[in-house]
Amino acid sequence: MKFPFLERRRRNTELDEELHSHLTLAEREALNSGRAAEDARNAARREFGNVALAEELTRDAWGFRWFADLLQDLRYAFRMLRKSPGFTTIAVLTIALGIGATTSIFSIVKAVLLDALPYRKPAQLVTLAETTSADRTGVNVSFGEVEDWKARQHSFESIAIYRGWTPTLLSGDSPSLVLGQRVTQNFFPMLGVRPALGREFRPEDDRTNSWHAILLSHPFWIRQFGGDPNVVGRKIILDRLPFEIVGVLPQSFRPTLFLDAGGQPDVWAPLGYEVGAPYACRTCQHVRAAAMLKDGVKLAAAQSEMNSIVQQLARDFPKDYPPDAGVAVAPLRATWLGKAQSAVWMLFAATGFVLLIACVNVANLLLARAPAKRREIALRTALGAARSRIIRQLLTESALLSLIGGAFGFLLANWIIYLLIRFAPDSLPRLESVHLDSAILILALAVSVLTGILVGLTPALQLARVDQREAMQESTRGSVGARRGRFRESLIAAEVSLAFILTIASFLLLKSFVRVLNVDPGFDPRGVYTVNFALEGPQYNDNKPVIEFERQALQRIQALPGIQSASIVSTLPIGGSFDQNALVREEGYTPDAQLPDIDTYDISPAYFAAMRIPLLRGHLFTDDDTKTQSPVVIVSESAAKAYWPGADPIGRHVQLNTRDAKAPWATIVGVVGDVRQYGLDSQPTPEIYALYTWRSFERPCLVIRTNQDPNAVTRMVEHEIWALDRNVLVWNPFLLSQILHDSISPRRFTMSLLTAFGVLAVLLAAVGIYGVMSFSVAQRTREIGVRMALGARPALILRMVLSEIGAVGLVGLGAGVVAALALTRLIAGLLYGVGQADPWTYAAAVAVVACVSLLACSIPARRATKIEPSIALRVD
């Protein structure tokens, strides 16, 4: 297919030849009639008419006149931009910053929030979690209750269960930890994932005594087996048990949404639970559930059905379900994202504000250049140029300017994305999918064109309505800018307002972050070193060998040089908890009484000394307590207030992790301070501490307070543990202060980015104010010269100039405050310890924006006081 405008040169040549031949024939006819050569040539031209008009009409008939005009406008725009390098550089950089920031954050929005999940029917995937009136954001479920749901529900075509798994791999001379997931047999079919090698899990694999089958992740297959295609059927030893490799998952499989093991899983095994088996009871809530809605079933209908089912189960099984039990049915993406969703949208909105401020700045720059073009536009209008033609030419110039800025912005976005990925917290999902693709490029192009139209439309319309007589009579010094200054001032007010909104948002997040940093976690993390170890194998299937190994390991580590105290704990602070049911012993106790969920931790006696958790009442654990047959526990202050309000809990009894009335009761011997187990920005929860001798815990965490180098401590701990058993796995050495630091990294990342955008917005607003004030002073040079010649003092001139922008700034700040009060509700969920309308934060934001604005306008204002009247009044 041929396009006429691609053959423009050839057709123009043919047109010229044709017109020339017509003139030649007419001239010959005149010569043949007896006229002189000059008269014949003139007669032929008169008879043919206007040659140029004929060419234009013919080109219009061809239909690509618009293309020729566009090329002409582009050439003109290039010349104009080249003639003003200062203006072009500032405008291009301003647009590049706005488009670069917007494009980079949109790439995150696209990857995290907009791209379809890489599974079958992603919109129908949901998560299921048990909730109560006290906990509406549950996560876990139990195998037993899921079996109850399956038997009664009609909304889901499939419900799958999964849980984290960290087996020990025996390969070579030393064991190593691998990350894994255990899933029900229908997990991968529900997601539409098929192995690249081998087969899926079969129903017979998902049994209590036959779950030792393994699917390898693609990276683990490459790393551990070198991509051997014959790996299917081989055996590997995990937790000292043989597992048969039945397949390898495809490289494209992204299990990010189903992580419960602290990272990307290396291996996948069947869950292996059956009704009646250990850990498969209705109250054993340590697994998670995902489901696929049936075609045509709405989320609300599924939620209603599940609520009815759970209420019926609570009546049928009162011992296993709390009376206020419920089920949260949520889209998989929403559950996966959590607070990250609102944070990402907030950052995208912030970049939109930055882009708007950039647009306002460039529009102001174009308005400032408009008076210099008035005489040119007036002359072109007088010569017959149509208003639409002038507007199109001016918009072409602004669009070209924006496209250049957009190209630089797209390159800048690559660098910004690199920084975002490098410094973003691990909790921000799907970072590996963030990149600049064709969709982002199209967006950047569209935003660039739209930006060019927006910033150029107002100047173009103003210039197209120019009064020819007035424009031709203006002095080259110009004095008409002030008459059209109101629109520029309104743009400045908008800039100040937008900058204030971003500033107050960043200030609120910054204050929240400072409040979080100042929170007392309930322990002293300084100098505390942590490391995990795992006891695997048949020799550790009983309580006694596990407890004896842990006792000997603690004795050896405590005796090391530089070790102040050493202890073990089932779960570290900031790392969640191991929830257990606890019953407070009171009069009228019945086995059917509702049990409250209390966070329970297994510790050794030195734990409180190692963590420096204060004792409030009673006494701490002693070594003698580990030998007694009567279990003792210590409760936190929150537990004491919740279950024994106004009374002393010392000497009271609790029953842990059981509904069996014959189970032993533990005596409370002390009350300690609260620990913020779920994060610095979460409230303390009731906690109970039990001795590690009460039950076996094969994967404890060592907590060591030391003044030694962490690397040296790691080597010493490994040596002492391996002296007892060379096959014990030691892993995950960390400083507790680093764990605490990492726990607030999402809040730090969001706050840092928004603060950066706030600073950029204020700087862009300052540049805009400076440009408008400089232009205003230049336009009023003659007026200021007259005032100074009549005796006006510099202070009066300074006050006069500043008063103009001061009024504009106050209007912008007022509008910004009103808008911020409405918009900051959207970030209320990201705040901690500060209200969204905190008056001191608003006062600080007003002061910062006002001071920056005043500084920006003070430079041209001071320049106005130095104008020489003799030069200002000189006649051109």
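So, a few notes on the structure that sits alongside this text. (Residues numbered from 1 in each chain as written. Predicted model: local features only at pLDDT ≥ 70, side-chain atom pairs only at ≥ 80, totals over all residues. Heavy atoms only, no water.)

## A short note on the nonpolar core
- Within the largest apolar cluster, 123 residues are counted, with the highest numbers of intra-cluster contacts made by F188, W268, Y607, F608, I613, F621 and Y689.
- Every residue in contact with F621, bar those within four places of it in the chain, is listed here: I603, P605, F608, V632, V633, I634, V669, Y689, A690 and L691.
- F143, F156, I159 and M306 belong to the second-largest nonpolar core, a separate cluster that totals 27 residues. (Core = buried A, V, L, I, M, F, W, Y, C linked by side-chain atoms within 4.5 Å. Buried < 20%, exposed > 50% of the residue type's maximum accessible area, 1.4 Å probe, protein only. Contact = heavy atoms within 4.5 Å.)

## A word on a nonpolar patch on the surface
- Residues L403, L445, V449, I453 and L457 make up a contiguous nonpolar surface patch of roughly 360 Å² in combined accessible area.
- One can find L403 in helix α12 (residues 387–423). (Patch = residues over 30% accessible without salt bridge, like charges linked within 9 Å, V, L, I, M, F, W, Y side chains within 5 Å. Areas by Shrake-Rupley, 256 points an atom, 1.4 Å probe, with all protein chains shown as cover. Salt bridge = Lys/Arg side-chain N within 4 Å of Asp/Glu carboxyl O. Helix = DSSP H or I, 4+ residues; strand = E, 2+ residues; numbered from the N terminus.)

## Structural notes on the packing of helix α6 (residues 143–152) against helix α9 (residues 299–316)
- α9 packs onto α6 with a crossing angle of 120° between their chain directions and a minimal axis gap of 10 Å. In terms of orientation, α6 lies oblique with respect to α9. Between α6 and α9 the crossing geometry is right-handed. Of the residues in α9, those touching α6 at D148, W149 and R152 are E305, M306, I309, V310, Q312, L313 and D316.
- Taken together, the residues of the contact of α6 with α9 break down into five nonpolar, one polar and four charged. (Axes fitted to C-alpha atoms, helices over the stretch in contact; angles between N-to-C directions. Parallel < 35°, antiparallel > 145°, perpendicular 65-115°, else oblique. Left-handed = near helix turned anticlockwise from the far one by under 90°. Nonpolar A, V, L, I, M, F, W, Y, C, P; charged D, E, K, R; others polar.)

## What about the environment of G522?
- Positionally, G522 belongs in the loop between α15 (485–517) and β14 (528–534).
- Judged by relative accessible area, G522 falls into the buried class, the value being 11%.

## Regarding the environment of A499
- On the secondary structure map, A499 appears in helix α15.
- A relative accessible area of 1% means that A499 is categorised as buried.
- Distance in space between the C-alpha atoms of A499 and I357 is 7.7 Å, their sequence separation being 142 residues.
- The residues contacting A499, other than those within four sequence positions of it, are I357, A761, V762 and A765.

## A look at the pattern of salt bridges
- One pass over the structure, following the stated rule, counts 20 salt bridges.
- Between R223 and D266 there is a salt bridge, with the nearest N and O atoms lying 3.0 Å from each other. Note that R223 is positioned in helix α8 (residues 218–225) and D266 in the loop between β10 (241–248) and β11 (267–270), a separation of 43 residues in sequence.
- Judged by relative accessible area, D266 falls into the buried class, the value being 12%.
- Linked by salt bridges that have partners in common, R120, K121, E157 and D295 make up one network.

## Things to note about the side chain of D625
- Among the secondary structure elements, D625 is positioned in the loop between β18 (615–618) and β19 (632–636).
- When neighbours within four sequence positions are excluded, D625 is seen to be in contact with H619, L620, V632 and L691.

## Observations regarding the layout of surface pockets
- If you add up the space inside the second largest pocket, you get close to 680 Å³.
- Lining the second largest pocket are 24 residues, and of these D623, T626, K627, Y692 and T693 sit closest to its centre.
- It is helix α16 (residues 543–558) that provides the largest number of residues to the lining of the second largest pocket, a total of seven residues.
- Split into classes, the residues belonging to the lining of the second largest pocket amount to ten nonpolar, nine polar and five charged. (1 Å grid on protein atoms, 1.4 Å probe; cavity = no way out; pocket = protein on both sides within 12 Å on 5 of 7 lines; lining within 4 Å. Points joined across faces, edges and corners; volume = space filled by probe spheres on them.)

## Some points on a positive patch on the surface
- Where like charges cluster on the molecular surface, the positive patch consists of R75, R79, R82 and K83.
- For K83, the location among the structural elements is in helix α4 (residues 65–83). (Lys, Arg positive; Asp, Glu negative; His and termini not counted. Charge placed at Lys NZ, Arg CZ, Asp CG, Glu CD.)

## What about the packing of aromatic side chains?
- Counted by the stated rule, this structure contains 23 aromatic pairs.
- For the pair F106 and F348, a centre-to-centre distance of 5.6 Å together with 45° between the ring planes defines the contact as tilted. In this pair, F106 is assigned in helix α5 (residues 85–114) and F348 in helix α11 (residues 339–382), connecting sequence segments 242 residues apart.
- The exposure class of F106 is buried, given its relative accessible area of 18%.
- For F348, a relative accessible area of 23% translates into the label partly exposed. (Phe/Tyr/Trp six-rings, centres within 6.5 Å; stacked < 30°, edge-to-face > 60°.)

## Side note on unusual backbone geometry
- A positive phi angle is found at D239, which is not glycine, with a value near 50°.
- Relative to the assigned elements, D239 resides in the loop between β9 (235–238) and β10.
- Phi is positive for N732, which is not a glycine, with a value near 60°.
- Inspection of the secondary structure puts N732 in strand β24 (residues 729–735).
- Its relative accessible area of 36% is what places N732 among the partly exposed residues.

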